[in-house]
Amino acid sequence: MRCPYNHKKGTKVVDSRLVQNGRAIRRRRECLSCGTRFTTYEEYEVAHIIVRKRGDEREEYTQEKVRAGVAKALEKRPQERNLDEIVQAIEQDIFAVAIRDGIVSSKRIGQIVLDHLAKIDEVAYLRFVSVYRSFGSAQSFRKELGRLEKRKE
Ligand SMILES: [Zn+2]
């Protein structure tokens, strides 16, 4: 990255922090030749996150799908946090997985949602397990129940 003042190449990062709920990284850089500091932002190209489904089918990631699943699981359940906050926290974890190669599996997304719901509401968690297709078999459902029991210990 070139210095915006003297256009020389070569900067060092003096500070990095997550902003926008972890969706972007703000970096303070210092030009190695003139010492001027400037700020850069690094953001996800959300449109480029691809969800790999079972059978290797792929589709573009949309927040709406995650939101719909979470909203359904939490329907008529008492909530301390609003849906936006919950979905944002889930999405942050999804992006953290996808940041490597822009791909995340639908199974991984389901697991991330389950991890969050388990912390929020047991009923919502079980509802999500029961509708979540990648956990379609009775065996994997029992495995999830086992995981939930372990959390309580
Ligand atoms: Zn400079």
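Being a predicted model, the structure only gives us computed values, none of them experimental. (Residues numbered from 1 in each chain as written. Predicted model: local features only at pLDDT ≥ 70, side-chain atom pairs only at ≥ 80, totals over all residues. Heavy atoms only, no water.)

Some thoughts on the nonpolar core
Line of reasoning, step 1. Of all hydrophobic cores here, the largest spans 23 residues; its most connected members are I94 and L117.
Line of reasoning, step 2. Broken down by secondary-structure element, the contributors of at least two residues to this core are α1 (63-74), α2 (83-98), α3 (106-120) and α4 (122-131).
Line of reasoning, step 3. Discounting residues that sit within four places of it in the chain, L117 has contacts with V70, A73, L74, A124, Y125 and F128. (Core = buried A, V, L, I, M, F, W, Y, C linked by side-chain atoms within 4.5 Å. Buried < 20%, exposed > 50% of the residue type's maximum accessible area, 1.4 Å probe, protein only. Helix = DSSP H or I, 4+ residues; strand = E, 2+ residues; numbered from the N terminus. Contact = heavy atoms within 4.5 Å.)

Some points on the coordination of the zinc ion
Line of reasoning, step 1. Here the zinc ion is held by C3 (SG), N6 (OD1), N6 (ND2), C31 (SG) and C34 (SG), and the distances to it run 2.2 to 2.8 Å.
Line of reasoning, step 2. Taken in chain order, the donor set of the zinc ion reads C-x2-N-x24-C-x2-C. On the criterion of sequence distance, the pair formed by C3 in the segment before β1 (11-19) and C31 in strand β2 (residues 24-31) is long-range, its members being 28 residues apart. Each member of the pair, C3 as well as C31, carries the same accessibility label: buried. (Donors = N, O, S within 2.8 Å, 3.2 Å for Na, K, Ca; no water.)

Let's talk about the packing of α1 against α2
Line of reasoning, step 1. Close contact between α1 and α2 brings their axes to 10 Å; oriented N to C, the two are set at 130°. When the interaxial angle is binned, α1 and α2 end up oblique. Between α1 and α2 lies a crossing of right-handed hand. In this structure, α1 uses Q63, V66, R67, V70, A71 and L74 to contact α2, whose residues at the interface are L83, D84, I86, V87, I90, E91 and I94. (Axes fitted to C-alpha atoms, helices over the stretch in contact; angles between N-to-C directions. Parallel < 35°, antiparallel > 145°, perpendicular 65-115°, else oblique. Left-handed = near helix turned anticlockwise from the far one by under 90°.)

Looking at the side chain of H116
Line of reasoning, step 1. The topology assignment puts H116 in helix α3.
Line of reasoning, step 2. By relative accessible area, which is 8% here, H116 ends up buried.
Line of reasoning, step 3. Here D93 takes part through its side chain, which lies 2.8 Å from a polar atom of the side chain of H116.
Line of reasoning, step 4. In this structure, H116 is in contact with A89, I90 and D93, ignoring residues within four places of it in sequence. (Polar contact = N/O pair within 3.5 Å; in protein donor to acceptor, adjacent residues only side chain to side chain.)

These figures capture arrangement, not role.
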